[in-house]
Amino acid sequence: QVQLVESGGGLVQAGGSLRLSCAASGRTFSNSAMGWFRQAPGKARQFVAAVSWNGGITYYADSVKGRFTISRDNAKNTVYLRMNSLNSEDTAVYYCAARRLSGVPMPRADEYDYWGQGTQVTVSS
């Protein structure tokens, strides 16, 4: 059974930092592109960042570029999202996702086959 489990969310003050982790199990994702998405209350799910199978290519939403960093450790089957300079607009549930058959990072949610349950990030101003 494939599982993606996010952790690292929480409450942080504006300007602060968090690091999210997504641990995959059930199969190896070393050949799969991985991504992070987020969804705020009343809003559609939004692309945040994605990384290629070997970490060599990363892709960010304009709203997080320069503040967030996606990375992965294939030996641990884990992908990370380092978030700096957080602001209230970053408040959302953050979801990890994986592509089953492709190592190419994509910004569209429908390109991803596996999803985690999400972790809440709340930024207080």
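For the structure itself, consult the block above.
Keep in mind it's a predicted model, so treat the numbers as computed, not measured.

### So, the nonpolar core
Ranked by size, the top nonpolar core spans 33 residues in total, and within it Met 34, Trp 36, Leu 81, Met 83 and Tyr 94 carry the most contacts. Secondary-structure elements contributing two or more residues to this core are strand E3 (18-25), strand E4 (34-39), strand E5 (46-51), strand E7 (68-73), strand E8 (78-83), strand E9 (92-98) and strand E11 (119-124).

### Description of the packing of aromatic side chains
Describing an aromatic ring pair means giving the distance of the ring centres and the angle of the ring planes. Inspection of the entire model under this criterion finds 6 aromatic pairs. Measuring from centroid to centroid gives 5.1 Å for Phe 37 and Trp 115, while their planes differ by 55 degrees, and the two rings are tilted. In this pair, Phe 37 sits in strand E4 while Trp 115 sits in strand E10 (residues 114-115), placing the two residues 78 residues apart along the sequence. Relative to Tyr 59, the ring of Phe 47 has its centre 5.4 Å away and its plane inclined at 55 degrees; by these criteria the two rings are tilted. With a gap of 12 residues between them, Phe 47 in strand E5 and Tyr 59 in strand E6 (residues 58-60) connect regions that are remote in the sequence. Looking at Arg 27, its charged tip hangs above the ring of Phe 29, at a distance of 4.8 Å from the centre.

### So, the pattern of salt bridges
Per the counting criterion, the structure on display carries 5 salt bridges. Between Lys 65 and Asp 62 there is a salt bridge; the shortest N-O distance is 3.1 Å. For Asp 62, a relative accessible area of 66% corresponds to the exposed category. The residue Arg 67 makes a salt bridge to Asp 90 at a minimum N-O spacing of 2.8 Å. Linking Arg 67 in the loop between E6 and E7 with Asp 90 in the loop between E8 and E9, this pair joins segments that are 23 residues apart in sequence. Residue Arg 67 is classed as buried on the basis of its relative accessible area, which comes to 16%.

### Observations regarding the environment of Ala 49
Mapped onto the fold, Ala 49 is located in strand E5. In the structure, Ala 49 is positioned 15 residues away from Val 64 in sequence and 8.2 Å away in space, judged by C-alpha atoms. Excluding anything up to four places from it in sequence, Ala 49 contacts Met 34, Gly 35, Trp 36, Tyr 59, Tyr 60, Ile 70 and Leu 81.

### Description of the state of the cysteines
Under the counting rule described, the total for this entry stands at 1 disulfide. Two residues share a disulfide in this structure: Cys 22 and Cys 96, whose sulfurs sit 2.1 Å from each other. Between Cys 22 and Cys 96, the disulfide has an S-S torsion of -75 degrees and is therefore left-handed. Pair noted here: Cys 22 is in strand E3 and Cys 96 is in strand E9, with a separation of 74 residues, a long-range link. Each member of the pair, Cys 22 as well as Cys 96, carries the same accessibility label: buried.

### Considerations on the sheet that holds E8
Taking strand neighbours across the sheet as the criterion, the 4 strands line up as E1-E3-E8-E7 in an open arrangement whose pairing is antiparallel. The outermost strands of the open sheet, each flanked by one partner alone, are strand E1 (3-7) and E7. The sheet shows a mean angle of 15 degrees between the axes of neighbouring strands, direction not considered. Looking at chain direction, E3 and E8 are connected through 6 bridges and run antiparallel. When the sheet's bridge partners are listed, Arg 19 is paired in E8 with Arg 82.

Rules used in this analysis
Residues numbered from 1 in each chain as written. Predicted model: local features only at pLDDT ≥ 70, side-chain atom pairs only at ≥ 80, totals over all residues. Heavy atoms only, no water. Core = buried A, V, L, I, M, F, W, Y, C linked by side-chain atoms within 4.5 Å. Buried < 20%, exposed > 50% of the residue type's maximum accessible area, 1.4 Å probe, protein only. Helix = DSSP H or I, 4+ residues; strand = E, 2+ residues; numbered from the N terminus. Phe/Tyr/Trp six-rings, centres within 6.5 Å; stacked < 30°, edge-to-face > 60°. Lys NZ or Arg CZ within 6 Å of the ring centre and 35° of its normal. Salt bridge = Lys/Arg side-chain N within 4 Å of Asp/Glu carboxyl O. Contact = heavy atoms within 4.5 Å. Disulfide = S-S within 2.5 Å. Pairing = 2+ DSSP bridges. Axes fitted to C-alpha atoms, helices over the stretch in contact; angles between N-to-C directions.

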